[in-house]
Amino acid sequence: MYDEIKNQKEKLDHPDSAIRLSSAVHRFQMPNINSQRKLSFARSFSTTGRHEKTRKLMLNADTSRKNLMEAVSAAKVSHERVVADSRRYRPLINQILVSCKVQPEMAMLDERLVFDWLSGLERSKDPFKSEAMMYDLVMCIACEGLGKAGVATESSIAGEFAAANREYAAAAGVFEFLADEYLPKWAARGSQVDDSSLPVECSVETAKGLSMLFKANGQQMAVATVLIKPGTPNYSLLAKLCLGIADQLEAFVTWMRDNAFKQMTRLEKDFFTLVTFQIQLQKSLSCYFHARSLWEEKQEYGLAIASLSEATVSIRTRASEAAIGVPDVLKIPSLRSLKKDLDDLRAHMALLLETWEKDNSAVYFEAVPRSVPEDKRLQAGISIGKAEKYHVKDPDPVLLSLAEEMLQRSDSDLARELQEKLNAGLES
């Protein structure tokens, strides 16, 4: 008898499918360096970068950039390697950039530097070119941020949700830094930065949006962390957390639509379908956990049944884009893997609803409202997604210089040009 009751209770506990679905996130691809364009800092600064320390910096930068290129373009990308190689290359390109800024008269190249990147977020895989070193630095930092998000995704798949939460906080911090610090400074320097000629990773608005997204993803991991713990979870808290996730994801979509619509249209289409799916799923889970909270606290059984009923409706496949429900996952190749878990969660909710209705009609005899009254709904969700503070240390510049004989020729050239201008002025 005891075993029978225990088995029945286990059937009614939240299923593993709820954990997997609530933690489902989009796996972004890595930006890529166009391998067809061969550039070299050592060659480009072969004249002005002859100082021993400068020469060493240029050679190290060439090696580190090559390692990063190999990491992001590998057949099987290791996100840990991408993060590590991005961190190794970032201070080197930053030091070269700072050196050129403080010694502009010496920043003369023997060979043009053209930085050629392919976006990791866009549907199109056409390369974007720029001669701005800041472009290379920004894309390097974006690799670190997307690499952190990739590590988080892999941790989530492995069931390591607490670790995934930390990695998403780090990813959110990287893109918050880009949105608040580096990208505005780049634009403020008067650079002719046309968003359409650069990857979406270089957009202030997109970086801000990604920071919002990764905070929401981090909160998804927090929910999964609570759900995998043994025993009965705090259903009331879970209901508020899920509603908070839905609110954050809706805020992300609104931000992109209002502030970065052009960039939004360039992103992978299935990505926003998954976001729409998650918004509706989280709303459904919020109703589900709210219902379980009411039932567990042995109060308002009729309201618990009404809330659970709304959860089952919210998780149905929607008849149209304007209807309540989730997108048809069978029609989206990247979402088909969710079908089994979605069916399992629906079956669980249906079984739980049937069980509660029987108990209520036999024991509690509470009236069940046709819908949850407005004043009985959760009025606000909880947002605990965070961004880990990210910073880039200002490097010391290295010496850029010309050989003495070249400086002398340059001085004589300037003197001759000045004399020619003076003669032209006297003749007029």
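Residues numbered from 1 in each chain as written. Predicted model: local features only at pLDDT ≥ 70, side-chain atom pairs only at ≥ 80, totals over all residues. Heavy atoms only, no water.

### Considerations on the overall build of the protein
Of the regular secondary structure elements, the protein holds 14 helices and three strands. Within the protein, the fraction of its 428 residues that count as buried is 50%. Nonlocal contacts in the protein, meaning residues at least 24 apart in sequence, comprise 79% of its contacts between residues at least 6 apart. (Helix = DSSP H or I, 4+ residues; strand = E, 2+ residues; numbered from the N terminus. Buried < 20%, exposed > 50% of the residue type's maximum accessible area, 1.4 Å probe, protein only. Contact = heavy atoms within 4.5 Å.)

### Some words on the nonpolar core
Residues Phe-41 and Phe-214 are the most contacted members of the largest nonpolar core, which totals 124 residues. The biggest single contributor to this core is helix α11 (residues 269-296), with 14 residues. If sequence neighbours within four positions are ignored, Phe-214 has contacts with Phe-28, Leu-146, Ala-149, Tyr-168, Ala-171, Ala-172 and Phe-175. (Core = buried A, V, L, I, M, F, W, Y, C linked by side-chain atoms within 4.5 Å.)

### What about the packing of aromatic side chains?
In this structure the tally under the stated criterion is 16 aromatic pairs. Centre to centre, the rings of Tyr-235 and Phe-289 are 6.0 Å apart; their planes meet at 20 degrees, and the pair counts as stacked. In this pair, Tyr-235 is assigned in helix α9 (residues 235-259) and Phe-289 in helix α11, connecting sequence segments 54 residues apart. For Tyr-235, a relative accessible area of 5% gives the class buried. Summarising the aromatic geometry, the rings of Tyr-301 and Tyr-364 are spaced 3.7 Å apart at their centres and angled 10 degrees between planes, so their arrangement reads as stacked. Remark: Tyr-364 occurs in helix α13 (residues 339-364) and Tyr-301 occurs in helix α12 (residues 301-314); sequence separation between them is 63 residues. The buried category is assigned to Tyr-301, whose relative accessible area is 8%. Here the aromatic cluster, defined as three or more aromatic residues joined through ring pairs, consists of Phe-28, Tyr-168, Phe-175, Phe-214, Phe-252, Phe-271 and Phe-272. (Phe/Tyr/Trp six-rings, centres within 6.5 Å; stacked < 30°, edge-to-face > 60°.)

### Here's the deal with the pattern of salt bridges
With the rule as written, the count across this model stands at 23 salt bridges. A salt bridge links Glu-70 to Lys-66; the shortest N-O distance between them is 2.6 Å. Residue Glu-70 and its partner Lys-66 are located together in helix α4 (residues 52-72), separated by four residues, close to a single helical turn. The salt bridge partner of Arg-377 is Glu-374, with a shortest N-O separation of 3.6 Å. Where salt bridges share partners, they join Lys-66, Glu-70, Arg-81, Asp-85 and Arg-88 into one cluster. (Salt bridge = Lys/Arg side-chain N within 4 Å of Asp/Glu carboxyl O.)

### Some words on the environment of Gln-219
Among the structural elements, Gln-219 can be located in helix α8 (residues 204-227). Relative accessible area serves as the criterion here: at 0%, Gln-219 is assigned to the buried category. There is a polar contact of 2.6 Å between the side chain of Gln-219 and the backbone oxygen of Ile-382. (Polar contact = N/O pair within 3.5 Å; in protein donor to acceptor, adjacent residues only side chain to side chain.)

### Section: the state of the cysteines
Overall, the coordinates contain zero disulfides when judged by the stated rule. Cys-140 supplies the cysteine sulfur nearest to Cys-143, a cysteine that is in no disulfide, at a spacing of 6.5 Å. The class for Cys-143 is buried, based on a relative accessible area of 0%. (Disulfide = S-S within 2.5 Å.)

### Some remarks on the packing of α11 against α13
Where α11 meets α13, the axes come as close as 13 Å, and the angle between the chain directions of the two elements is 25 degrees. On the basis of their axis angle, the class for α11 and α13 is roughly parallel. In the packing of α11 onto α13, the handedness of the crossing is left-handed. Where α11 approaches α13, its residues Phe-277, Leu-281, Ser-284, Leu-285, Tyr-288, Ala-291, Arg-292 and Trp-295 are matched on the opposing element by Leu-342, Leu-345, His-348, Met-349, Leu-352, Trp-356, Asp-359 and Tyr-364. Grouping the amino acids of the contact of α11 with α13 by side-chain chemistry returns twelve nonpolar, two polar and two charged. (Axes fitted to C-alpha atoms, helices over the stretch in contact; angles between N-to-C directions. Parallel < 35°, antiparallel > 145°, perpendicular 65-115°, else oblique. Left-handed = near helix turned anticlockwise from the far one by under 90°. Nonpolar A, V, L, I, M, F, W, Y, C, P; charged D, E, K, R; others polar.)

### Remarks on the sheet that holds strand β1 (residues 32-33)
Spatial ordering of the open sheet is given by β1-β2-β3, a layout of three strands whose pairing is antiparallel. Single-partner strands in this sheet number two, and they are β1 and β3 (128-130). In terms of strand pairing, strand β2 (residues 115-118) meets β3 through three bridges, oriented antiparallel. Across the sheet, Asp-116 pairs through a bridge with Lys-129, a residue of β3. (Pairing = 2+ DSSP bridges.)

### Regarding α12
Over its 14 residues, α12 extends 20 Å from the first C-alpha to the last, a length consistent with the 20 Å expected when each residue adds 1.5 Å. Among the 14 residues in α12, twelve count as buried, and that is most of the element. Residues of α12 that are buried include every one of Tyr-301, Gly-302, Leu-303, Ala-304, Ile-305, Ala-306, Ser-307, Leu-308, Glu-310, Ala-311, Thr-312 and Ser-314, and no others. On its buried side, α12 packs onto α11 and α13. (Expected span 1.5 Å × (residues − 1).)

### Structural notes on empty space enclosed by the protein
With a probe scaled to a water molecule rolled over the atoms, the places where space remains empty come into view. Scanning all chains against the criterion turns up three cavities of 30 Å³ or more. Of the volumes computed, that of the largest cavity is approximately 70 Å³. Around the largest cavity sit Ala-24, Val-25, His-26, Leu-213, Asn-217, Gln-220, Leu-249, Phe-271, Leu-274, Val-275 and Gln-278, which together line it. Elements supplying a minimum of two residues to the lining of the largest cavity: α8 and α11. Among the elements that make up the lining of the largest cavity, the one with the highest residue count is α11 (four residues). (1 Å grid on protein atoms, 1.4 Å probe; cavity = no way out; pocket = protein on both sides within 12 Å on 5 of 7 lines; lining within 4 Å. Points joined across faces, edges and corners; volume = space filled by probe spheres on them.)

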